[in-house]
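Working through the structure, step by step
One-letter residues, chain by chain:
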Amino acid sequence: AQLRQRLIYFFAARRLPFAEDLADEAIERCARRVSEGAPLQSTVEAFALGIARNLEREQWKRPAPASLPAHLAAPASSPEVSILSQCLDECLQQLS
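Along each chain, numbering runs from 1 in the same order as the chain's sequence is written. Given that this is a predicted model, residues contribute local features only at a pLDDT of at least 70 and side-chain atom pairs are listed and counted only at 80 or more, while totals for whole chains, interfaces and linings are drawn from all residues. Water and hydrogen atoms were dropped before computing side-chain values, which therefore reflect all heavy atoms in the structure.

Here we look at the state of the cysteines
Cut-off, in case you're wondering: By definition, disulfides here are pairs of cysteine sulfur atoms that lie within 2.5 Å. In this scheme, a residue with accessible area under 20% of its type's maximum is buried, one over 50% is exposed, and one in between is partly exposed, where area comes from a 1.4 Å probe on protein chains only.
Overall, the coordinates contain 0 disulfides when judged by the stated rule. Summary of cysteine pairing: Cys91 is not part of a disulfide, and the nearest cysteine sulfur, belonging to Cys87, is at 4.2 Å. Exposure remark for Cys91: the relative accessible area of 38% places this residue in the partly exposed category.

What follows is the structure, encoded as structure tokens:
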């Protein structure tokens, strides 16, 4: 659990989306490599952080999506959206 939290912090500090998913992926890759007999030069934690750095590079190399799919695009302005937006603004003001 402590390793996972450190990895989540690693990815979040670098402003990568889905830090928890990336941490899980790093742990899975680490476990796979260790089970395959990869030699450890130091600790498992250091090995996992090395994998995390590689995952970080992979994330930055991925091309950004050109545009959102139609079903994820912002909804057209409507009275319902306006009412919900106004309600949200009022709720946020009450929290301040």
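So much for the structure itself; the text now carries on.
Considerations on the packing of helix α1 (residues 2–13) against helix α2 (residues 19–35)
This is how the line gets drawn: In this description, a line fitted to the C-alpha atoms serves as the axis of each element, helices being fitted only across the stretch in contact, and the angle between N-to-C directions of two axes falls anywhere from 0 to 180 degrees. Helix and strand definitions here come from DSSP, where helices need a minimum of 4 consecutive H or I residues and strands a minimum of 2 consecutive E residues; each element is numbered from the N-terminal end. Angle categories: roughly parallel below 35 degrees, roughly antiparallel above 145, roughly perpendicular from 65 to 115, and oblique for all the rest. Rotating anticlockwise by less than a right angle from the far helix to the near helix defines a left-handed crossing, while the corresponding clockwise rotation defines a right-handed one. Should any heavy atoms of two residues lie within 4.5 Å, those residues are considered in contact. Each residue gets one of three labels, nonpolar for Ala, Val, Leu, Ile, Met, Phe, Trp, Tyr, Cys and Pro, charged for Asp, Glu, Lys and Arg, and polar for the others, Gly among them.
Running from N to C, α1 and α2 point in directions that differ by 125°, and their axes come no closer than 8 Å. For the element pair α1 / α2, the angle class is oblique. Regarding α1 and α2, the two cross each other, and that crossing is right-handed. Contacts between α1 and α2 involve Leu3, Arg4, Leu7, Ile8, Phe11 and Ala12 from the first element and Ala19, Glu20, Leu22, Ala23, Asp24, Ala26 and Ile27 from the second. Within the contact of α1 with α2, the residues separate by chemical class into 10 nonpolar, no polar and 3 charged.

With respect to the side chain of Gln59
For Gln59, the location among the structural elements is in helix α3 (residues 44–61). Apart from the residues within four sequence positions on either side, Gln59 is in contact with Leu16 and Leu22.

Quick word on the nonpolar core
Stated precisely, the cut-off is as follows: Among buried residues, the Ala, Val, Leu, Ile, Met, Phe, Trp, Tyr and Cys ones that are joined through side-chain atoms within 4.5 Å form a nonpolar core.
In this structure, Leu7 and Phe11 are the most contacted members of the largest nonpolar core, which totals 17 residues. Only α1, α2 and α3 provide two or more residues apiece to this core. At 6 residues, α3 tops the list of elements feeding residues into this core. Excluding residues within four positions of it along the chain, Phe11 makes contact with Leu16, Ala19, Leu22, Ala23, Ala52, Leu55 and Glu56.

Function cannot be read off these values alone, since they describe shape.
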